[in-house]
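Here's the letter readout for the chains.
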Amino acid sequence: NAGVTQTPKFQVLKTGQSMTLQCAQDMNHNSMYWYRQDPGMGLRLIYYSASEGTTDKGEVPNGYNVSRLNKREFSLRLESAAPSQTSVYFCASSEGVGDSSYEQYFGPGTRLTVT
Amino acid sequence: SQQGEEDPQALSIQEGENATMNCSYKTSINNLQWYRQNSGRGLVHLILIRSNEREKHSGRLRVTLDTSKKSSSLLITASRAADTASYFCATDGPYLGAGSYQLTFGKGTKLSVIP
């Protein structure tokens with residue numbers, strides 16, 4: 001079992017460029033999440049998908065879009081990158097439907113720099 | 001919308017000593033979780049404690065929960081250099097509907113264990 005995988009590991013973008021961060025899990029989990037982690041801010045939820053076919057906004061969704069391609073895959077797209085989106089992005093999954101009673105499994109992260 | 005706040009922000013101890021980290025939260029919760037993050041890696045789930053539990057053990061980890069004080073503590077006994085990491089508490093955040101709550105992370109305690 002690979003768990004949660006993310007690609008790429010590192011990315012540098014120029015302001016205005018677009019890119020898609022990929023995430024896949026092999027644990028047959030229902031829920032998937034995208035977080036960003038900034039120094040001194042902890043983890044903040046960008047979007048989540050409680051089940052295949054559904055997506056919802058989290059705490060900081062502006063500037064991002066997501067696609068739950070199937071049960072395994074959940075991608076995050078930056079349509080027009082801005083320096084404020086420089087961050088480390090984590091994908092996570094859990095068995096439960098977005099419920100705090102279920103542990104979340106995290107991917108290794110994507111370190112994104114926007115210049 | 002942060003729910004849990006860890007204290008201290010940073011902690012430095014000698015190998016073999018015990019490390020105690022605290023988490024305080026504002027509103028009543030159903031569950032509280034603790035996660036570890038090694039530098040440059042994703043978060044790893046350590047332990048989940050439910051609101052009707054007062055104490056839970058897992059190996060060298062001991063977690064307590066005091067719902068009257070809205071606080072939890074994580075104790076790592078006989079610490080090792082490999083315990084050097086950031087530790088996060090996570091609790092019920094915004095209500096998602098259908099009895100589910102978003103998991104909301106604190107900003108973390110950075111633990112350094114000196115060999």
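This report concerns the structure included in the present document. Note that the coordinates shown come from a computational prediction; the quantities given were computed from them, not determined experimentally.

Scoring rules and cut-offs
- Residues numbered from 1 in each chain as written.
- Chains lettered and ligands numbered in written order.
- Predicted model: local features only at pLDDT ≥ 70, side-chain atom pairs only at ≥ 80, totals over all residues.
- Heavy atoms only, no water.
- Disulfide = S-S within 2.5 Å.
- Helix = DSSP H or I, 4+ residues; strand = E, 2+ residues; numbered from the N terminus.
- Buried < 20%, exposed > 50% of the residue type's maximum accessible area, 1.4 Å probe, protein only.
- Salt bridge = Lys/Arg side-chain N within 4 Å of Asp/Glu carboxyl O.
- 1 Å grid on protein atoms, 1.4 Å probe; cavity = no way out; pocket = protein on both sides within 12 Å on 5 of 7 lines; lining within 4 Å.
- Points joined across faces, edges and corners; volume = space filled by probe spheres on them.
- Nonpolar A, V, L, I, M, F, W, Y, C, P; charged D, E, K, R; others polar.

### Examining the state of the cysteines
Item 1. This model, assessed by the stated rule, comprises two disulfides over all chains.
Item 2. With its sulfur 1.8 Å from that of its partner, Cys23 of chain A forms a disulfide with Cys91 of chain A. Of note, the bridge from Cys23 of chain A to Cys91 of chain A carries an S-S torsion of about -70° and is left-handed in sense. Placement of the pair is Cys23 of chain A in strand β3 (residues 19-25) and Cys91 of chain A in strand β9 (residues 87-94), with a sequence separation of 68 residues.
Item 3. Exposure remark for Cys91 of chain A: the relative accessible area of 0% places this residue in the buried category.
Item 4. The side chain of Cys23 of chain B participates in a disulfide bridge whose partner is Cys89 of chain B; the two sulfur atoms lie 2.1 Å from each other. Residues Cys23 of chain B and Cys89 of chain B are joined through a disulfide that is right-handed, its torsion about the S-S bond being 65°. Taken together, the residues Cys23 of chain B in strand β3 (residues 19-24) and Cys89 of chain B in strand β9 (residues 85-97) connect sequence positions 66 residues apart.

### Some remarks on the pattern of salt bridges
Residues and elements named next belong to chain A.
Item 1. Counting across every chain of the model gives six salt bridges over all chains.
Item 2. Between Asp38 and Arg36 there is a salt bridge; the shortest N-O distance is 2.9 Å.
Item 3. Among the ionic pairs, Asp38 bridges to Arg44, the shortest N-O distance being 2.9 Å.

### Looking at the layout of surface pockets
Item 1. The volume enclosed by the largest pocket comes to roughly 760 Å³.
Item 2. Looking at the largest pocket, it is lined by 34 residues, and the ones nearest its centre are Gln37 and Arg111 of chain A together with Gln37, Ser39 and Gly40 of chain B.
Item 3. Breaking the lining of the largest pocket down by element, the ones donating at least two residues are β4 (31-38), β9 and β11 (110-114) of chain A together with β9 and β11 (109-114) of chain B.
Item 4. Among the residues making up the lining of the largest pocket, the classes are represented as 10 nonpolar, 18 polar and six charged.

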